[in-house]
Amino acid sequence: DVKVTQSSRYLVKRTGEKVFLECVQDMDHENMFWYRQDPGLGLRLIYFSYDVKMKEKGDIPEGYSVSREKKERFSLILESASTNQTSMYLCASRNGGQGKNIQYFGAGTRLSVL
Amino acid sequence: AQTVTQSQPEMSVQEAETVTLSCTYDTSENNYYLFWYKQPPSRQMILVIRQEAYKQQNATENRFSVNFQKAAKSFSLKISDSQLGDTAMYFCAFMTREVQANDMRFGAGTRLTVKP
């Protein structure tokens, strides 16, 4: 089975802290994604990566950055956390660029910024 | 830009009955994929069913089936013989078949509760 593992299920951080959310997939997938999930808004794409060291902005990249130094790992970074970044964060991975390949999700990280 | 709309924020159904979740989308593309994902409480999101737009036949996976109306840009999910384990958030999603595309568009979700 494909595994997409997010390092933390719950995180509580203070305003202004630098926050790292880690995601690892074990299926050698080319594409990895970070989404933010908020009630009534569904999933919104923050950043994605189609190869090592490559990154592309999604719909809501402001306040976030990402890092992909190895194919299996995709990190989301909040440089200076703010209360409006309190949310559920989902990582996903998929092989190839077309919808014929299934996109797999991690269990999510629920981040609270106080 | 493609958009996906789920007009039912919450629904409930009695165990063993049938329920239909609605989804509409907006696109100028002709070739694309549509998906229904299920997110159980505190658990990972998983793919329920997938439809390729060029296929006229509606996709079916056991108790789950879709009603795909391409002209109307509608993609509803029917769950037959509902079970307690079907309680979850359900997300409709769209993805173009263009090779350079990488992102999937999601609706706001429908929270389904199956009652005993």
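The model shown is predicted, which means the values in this text are computed figures rather than measured ones.

Trainee: Looking at this model, I keep getting lost on the overall build of chain B. Mind explaining?
Mentor: Per the secondary structure count, chain B includes 0 helices and 12 strands. Start at the N end of chain B and walk to the C end: the helices and strands fall as β-β-β-β-β-β-β-β-β-β-β-β. By the compact-globule yardstick of 13 Å for 116 residues, chain B fits well, its C-alpha radius of gyration being 14 Å. For chain B, buried positions account for 48% of its 116 residues. Partitioning the intrachain contacts of chain B with sequence separation of at least 6 by distance along the chain shows that 55% fall at a separation of at least 24. Accessible surface computed for chain B: about 5,700 Å², of which carbon and sulfur atoms make up 42%. Charge separation in chain B, taken as the distance between the mean sites of 12 positive and 11 negative side-chain charges, equals 1 Å.

Trainee: Can you help me understand the sheet that holds strand E8 (residues 73-78) of chain A in this one?
Mentor: Paired through backbone hydrogen bonds, the strands of a sheet run either parallel or antiparallel to each other. Residue and element names in this part refer to chain A. In spatial order, the strands read E1-E3-E8-E7; together these 4 strands make up an open sheet with antiparallel pairing. Strand pairing shows two members of the sheet lacking a second neighbour, strand E1 (4-6) and strand E7 (64-70), which therefore form its edges. With strand direction ignored, the average angle separating the axes of adjacent strands in the sheet is 20°. As judged from the 3 bridges shared by E1 and strand E3 (residues 19-25), these two strands associate in the antiparallel manner. Bridge pairing in E3 links Gln 6 to Cys 23.

Trainee: Teacher, can you tell me more about the nonpolar core here?
Mentor: Note that soluble globular proteins tend to have their nonpolar side chains buried in a common cluster. In terms of nonpolar packing, the biggest core is built from 26 residues, with Tyr25(B), Trp36(B), Phe75(B), Leu77(B), Tyr90(B) and Leu112(B) touching the most fellow members. Among the elements that make up this core, the one with the highest residue count is strand E10 (residues 88-96) of chain B (4 residues). In terms of nonpolar packing, the next biggest core, distinct from the first, is built from 20 residues, Ile46(A), Ala81(A), Leu111(A) and Val113(A) among them.

Trainee: I tried to follow the packing of aromatic side chains on my own but got confused; where do I start?
Mentor: Between two aromatic rings, the relevant description is the distance of the centres plus the angle of the planes. The final tally for this structure, using the stated rule, is 15 aromatic pairs over all chains. Relative to Phe75(B), the ring of Phe68(B) has its centre 6.3 Å away and its plane inclined at 80°; by these criteria the two rings are edge-to-face. The buried category is assigned to Phe75(B), whose relative accessible area is 0%. Through successive ring pairs, a cluster of aromatic residues spans Phe33(A), Tyr35(A), Phe48(A), Phe105(A), Tyr33(B), Phe35(B), Tyr37(B) and Phe106(B).

Trainee: Mind showing me how you'd approach the confidence of the model for chain B here?
Mentor: When pLDDT drops low, the exact placement of atoms in the prediction is not to be read closely. In the predicted model, chain B carries a mean pLDDT of 92, and 96% of its residues have values of at least 70. Mean pLDDT across the elements of chain B bottoms out in strand E11 (residues 105-106) of chain B (91) and peaks in strand E3 (residues 19-21) of chain B (98).

Cut-offs used in this document
- Residues numbered from 1 in each chain as written.
- Chains lettered and ligands numbered in written order.
- Predicted model: local features only at pLDDT ≥ 70, side-chain atom pairs only at ≥ 80, totals over all residues.
- Heavy atoms only, no water.
- Helix = DSSP H or I, 4+ residues; strand = E, 2+ residues; numbered from the N terminus.
- Rg over C-alpha atoms; globule rule 2.2 N^0.38 Å.
- Buried < 20%, exposed > 50% of the residue type's maximum accessible area, 1.4 Å probe, protein only.
- Contact = heavy atoms within 4.5 Å.
- Areas by Shrake-Rupley, 256 points an atom, 1.4 Å probe, with all protein chains shown as cover.
- Lys, Arg positive; Asp, Glu negative; His and termini not counted.
- Charge placed at Lys NZ, Arg CZ, Asp CG, Glu CD.
- Pairing = 2+ DSSP bridges.
- Axes fitted to C-alpha atoms, helices over the stretch in contact; angles between N-to-C directions.
- Core = buried A, V, L, I, M, F, W, Y, C linked by side-chain atoms within 4.5 Å.
- Phe/Tyr/Trp six-rings, centres within 6.5 Å; stacked < 30°, edge-to-face > 60°.
- pLDDT = per-residue confidence, 0-100.

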